[in-house]
2 protein chains.
Amino acid sequence: MKNTIIMVLLAGMFTSRMCLAQEDQPAIKEDFKPSTLNQPGQEYPQVNSQGYVRFRVEAPQAQSVRVSLGGRGGTPLTKAEDGFWVGTTARPEDEGFHYYHLTVDGGTFNDPGAMHFYGSTRWESGIEIPAHDQDFYALKDVPHGRVQQILFPSKSTNTSRRAFVYTPPGYDKDPSKRFPVLYLQHGWGEDETAWSNQGRANLIMDNLIAEGKIKPFLIVMTYGMTNEIRFGGLRNFDIGPFQTVLVDELIPYIDAHFRTLSDQPHRAMAGLSMGGMETKMITLKNLDTFSHIGLFSGGTISAGEITDMDTFKEKVKLVFVTCGSKERPDSLKPASDSLKEAGIESGYYVSPDTAHEFLTWRRSFYQFAPLLFKD
Amino acid sequence: MKNTIIMVLLAGMFTSRMCLAQEDQPAIKEDFKPSTLNQPGQEYPQVNSQGYVRFRVEAPQAQSVRVSLGGRGGTPLTKAEDGFWVGTTARPEDEGFHYYHLTVDGGTFNDPGAMHFYGSTRWESGIEIPAHDQDFYALKDVPHGRVQQILFPSKSTNTSRRAFVYTPPGYDKDPSKRFPVLYLQHGWGEDETAWSNQGRANLIMDNLIAEGKIKPFLIVMTYGMTNEIRFGGLRNFDIGPFQTVLVDELIPYIDAHFRTLSDQPHRAMAGLSMGGMETKMITLKNLDTFSHIGLFSGGTISAGEITDMDTFKEKVKLVFVTCGSKERPDSLKPASDSLKEAGIESGYYVSPDTAHEFLTWRRSFYQFAPLLFKD
């Protein structure tokens, strides 16, 4: 039964973007610029103002080079006379961040021009299509918080585990001030680096704080699995081991080593995709620990799923669910409405023109953060 | 004249390891294990107890796959029947960390099995040959400090620049305690991630502190160039722009945002390779700012180079120079002795059986750190 629920959730979570054949693509504008996620000094890949991506990869003796980006089947590159393989996606890409890789003569490699981001249980190439609303996650001349790498002891897994903690600007200024905490989880195949690198959660926070739109809080990001790194592992996914790491080991460590408000009203959990599934499973079992819940492309919570509504109503201050418009947005409103009708603070958000990708989750976080810890 | 000095320094810094042909290699032991720097779940590359490295790369239609590791010319791989290219280095590798990459049909790619480390102005594959003395940089069950990513404003370069700050365990416990600071620079082609990722400086500090061998201090690591990322750029290297970032922008920011002892006696600078060259150029011009100087595979300071010996003697509390035994170790002692004769605290260290690579610098840092801030 548990596995059935998980697989149904996963089916929704891993819905890939719509790949409608579009015959009438606009003419490609020759205003390509290097992607902002290129390695230093690298001219390719490039992106134009319409969202087309152009690749250029050196492999003079290769028989075939293909890029995973560009719709079903990806983008085949063509060998030019100079030994470089070149090609342009057949359609504009969605705005935001995309993972991709190359297939060179049947082997999977990364694009030497692009930086790497952990996704699909490997360090993949990444590219950024400038979004019309990119201002909210831009690096600006505002006070910046820090992303602190910590190593915390974990008896249950018999090692030191890594987490990243965002502390807001000025955290060190007033040693008497304490902050609420959001525990924020990555998706399947990603790790604790995702929300800072791909998600830019730290820059979104810096900007929200600079504009006075939120009261500062800490964000804690750690790896959401204990050993099941392969997809097959999810079939038998048991939330127990990670719940132990998070609730019994990490939270007490954070409360002991950072200036937190360490009570339930000041502790939230959210996650994207698999991290949303984990958030749902862990928060519903630990209502004395968490008060605010966010599921980004990671399912919903409906009133019908709550077994003890009185307790839920007393403990939970917010349930917020989101996804991209190219996922399954229709499920959000009914679930959210069912909670509202039961008297629970609830909201939902659909990211326009995005799929199961990071721009959906940057926007989801941007919508979610100002709703937290409003007391 | 300035450029001549730099090029002579560089000639010494970039001495590559000795590649003597050795006919009588020992028989290869079949006790290969996955490298500790592999991506999660990846079985290859593997390392055996003698330091041989075995590679296995999927590229079924490729014509040739070669690995840059394994002496001059690297290691050619052979296609097996399953479509995987396999091969073993012709000789044991030196202990410690090595950068490498693949050449697949004439193109440069990373090994999909290995994690990436920024070196040679690109994110390269990395492999770790377990060293007999690896205990000093191992991840142990001791209190761990943090590596804090900060973004500091830089007017001279008109952007927010990134730095990493190591804060020792307990930094947050006593808000009245202040700490000395070491500014620690990477080498050419690397960046501000190198000393934590490849160098494990944070773990070396954690271990030294846990053993009571040093008084805790902060380490600040930032990118040591402003725009000249290509090798050619070094020919016209001007220390001015980076000196401005470091001395006029980063140091004041650190002193304003961390609990530092912000006077000259409690501020050190060290660097590896090009970072050593930068350390020498910047500290000699800023004796009112720095009191302790470390050059790791980055040249030496001799008494004859000091123009105002009285001031140098008054201001400088330590000059420490190091390199690997496979570099040019003979230059260290005469330079160090010349300073000692002039009455200056000076020392040197030669890392056994290592070249211009990171085990040399991990060991150099391990030797250097306990000598700092002894007052």
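Computed from a prediction, not measured in an experiment: that's the story for all the values here.

Engineer: Pulling in residues and values, what's your account of the packing of aromatic side chains?
Structural biologist: One pass over the full model with this rule turns up 37 aromatic pairs over all chains. Judged by centre distance (5.4 Å) and plane angle (55°), the rings of Phe55(B) and Tyr100(B) are tilted. Residue Phe55(B) is located in strand β3 (residues 53–58), and its partner Tyr100(B) is located in strand β8 (residues 96–100); the two are separated by 45 residues in the primary sequence. Classification of Phe55(B) as buried rests on a relative accessible area of 0%. Of the aromatic side chains, those joined through ring pairs into one cluster are Phe97(A), Tyr99(A), Phe117(A), Trp195(A), Phe296(A), Phe320(A), Phe358(A), Trp361(A), Phe365(A) and Phe368(A). Of note, Arg56(A) hangs over the ring of Phe84(A), and the distance from its end group to the ring centre comes to 3.8 Å. Against the face of Tyr171(A) rests Arg259(A), its NZ or CZ located 4.3 Å from the ring centre.

Engineer: Can you break down the sheet that holds strand β6 (residues 78–79) of chain A residue by residue, with the values?
Structural biologist: Spatially, the five strands line up as an open sheet ordered β1-β2-β3-β7-β6 (chain A), and their pairing is antiparallel. In the strand order of this sheet, the two ends are held by β1 (33–34) and β6 of chain A, each with one partner.

Engineer: Report on the pattern of salt bridges, specifying residues and quantitative values.
Structural biologist: Enumeration over the complete set of coordinates arrives at 34 salt bridges over all chains. Close ionic contact of Glu30(B) with Arg54(B) constitutes a salt bridge, the shortest N to O distance being 2.9 Å. With Glu30(B) in the loop between α1 (2–13) and β1 (33–34) and Arg54(B) in strand β3, the pair connects residues that are 24 residues apart, well separated along the chain. One salt-bridge network, in which partners are shared between bridges, spans Asp135(A), Lys140(A), Glu211(A) and Lys213(A).

Engineer: Could you give an account of the side chain of Arg54(B), naming the residues involved and the relevant values?
Structural biologist: Residue and element names in this part refer to chain B. Polar contacts involving the side chain of Arg54 include one to the side chain of Glu30, which spans 2.9 Å. Among the polar contacts listed, one links the side chain of Arg54 to the side chain of Thr88, at a separation of 2.9 Å. Leaving out residues up to four positions away in the same chain, Arg54 has contacts with Ile28, Glu30, Phe32, Tyr44, Pro45, Gln46, Gly87 and Thr88.

Engineer: Please give an account of the relation of the copies chain B and chain A that cites residues and values.
Structural biologist: It takes a turn of 180° to lay chain B on chain A, together with a shift of 0.0 Å along the axis; the resulting RMSD is 0.0 Å. Here the two chains are linked by the operation of a two-fold rotation axis. For chain B, the smallest separation between a C-alpha atom and the rotation axis is recorded for Gln148(B), amounting to 2.0 Å. Same-surface contact between copies: 100% of interface residues of chain B are shared with the interface of chain A.

Engineer: Break down the domain arrangement of chain A for me, citing the residues and quoting the values.
Structural biologist: Residue and element names in this part refer to chain A. According to the domain assignment, chain A contains domain 1 (33–130) and domain 2 (135–371). Relative placement of domain 1 and domain 2: their C-alpha centres are 31 Å apart. Taken residue by residue, the interface counts 14 residues in domain 1 and 18 residues in domain 2. Summed over both partners, the interface of domain 1 with domain 2 buries about 1300 Å², with 47% contributed by carbon and sulfur atoms. When the buried surface of domain 1 facing domain 2 is broken down by residue, Asp94, Tyr118 and Thr121 rank first, second and third, together holding 38% of it. Linking domain 1 to domain 2 there are three salt bridges. Among the salt bridges present, the one from Glu95 reaches Arg363, with a minimum N-O distance of 3.7 Å. On the surface where domain 1 and domain 2 come into contact, there are eight residue pairs in polar contact (both at pLDDT 80 or more). Residue assignment for the side of domain 1 that touches domain 2 shows that the elements contributing at least two residues are β8 (96–100), β11 (116–119) and β12 (122–129).

Cut-offs and rules
Residues numbered from 1 in each chain as written. Chains lettered and ligands numbered in written order. Predicted model: local features only at pLDDT ≥ 70, side-chain atom pairs only at ≥ 80, totals over all residues. Heavy atoms only, no water. Phe/Tyr/Trp six-rings, centres within 6.5 Å; stacked < 30°, edge-to-face > 60°. Helix = DSSP H or I, 4+ residues; strand = E, 2+ residues; numbered from the N terminus. Buried < 20%, exposed > 50% of the residue type's maximum accessible area, 1.4 Å probe, protein only. Lys NZ or Arg CZ within 6 Å of the ring centre and 35° of its normal. Pairing = 2+ DSSP bridges. Salt bridge = Lys/Arg side-chain N within 4 Å of Asp/Glu carboxyl O. Polar contact = N/O pair within 3.5 Å; in protein donor to acceptor, adjacent residues only side chain to side chain. Contact = heavy atoms within 4.5 Å. Least-squares fit on C-alpha atoms with pLDDT ≥ 70 in both. Domains from an automatic or database assignment. Buried area = accessible area lost by both parts, 1.4 Å probe.

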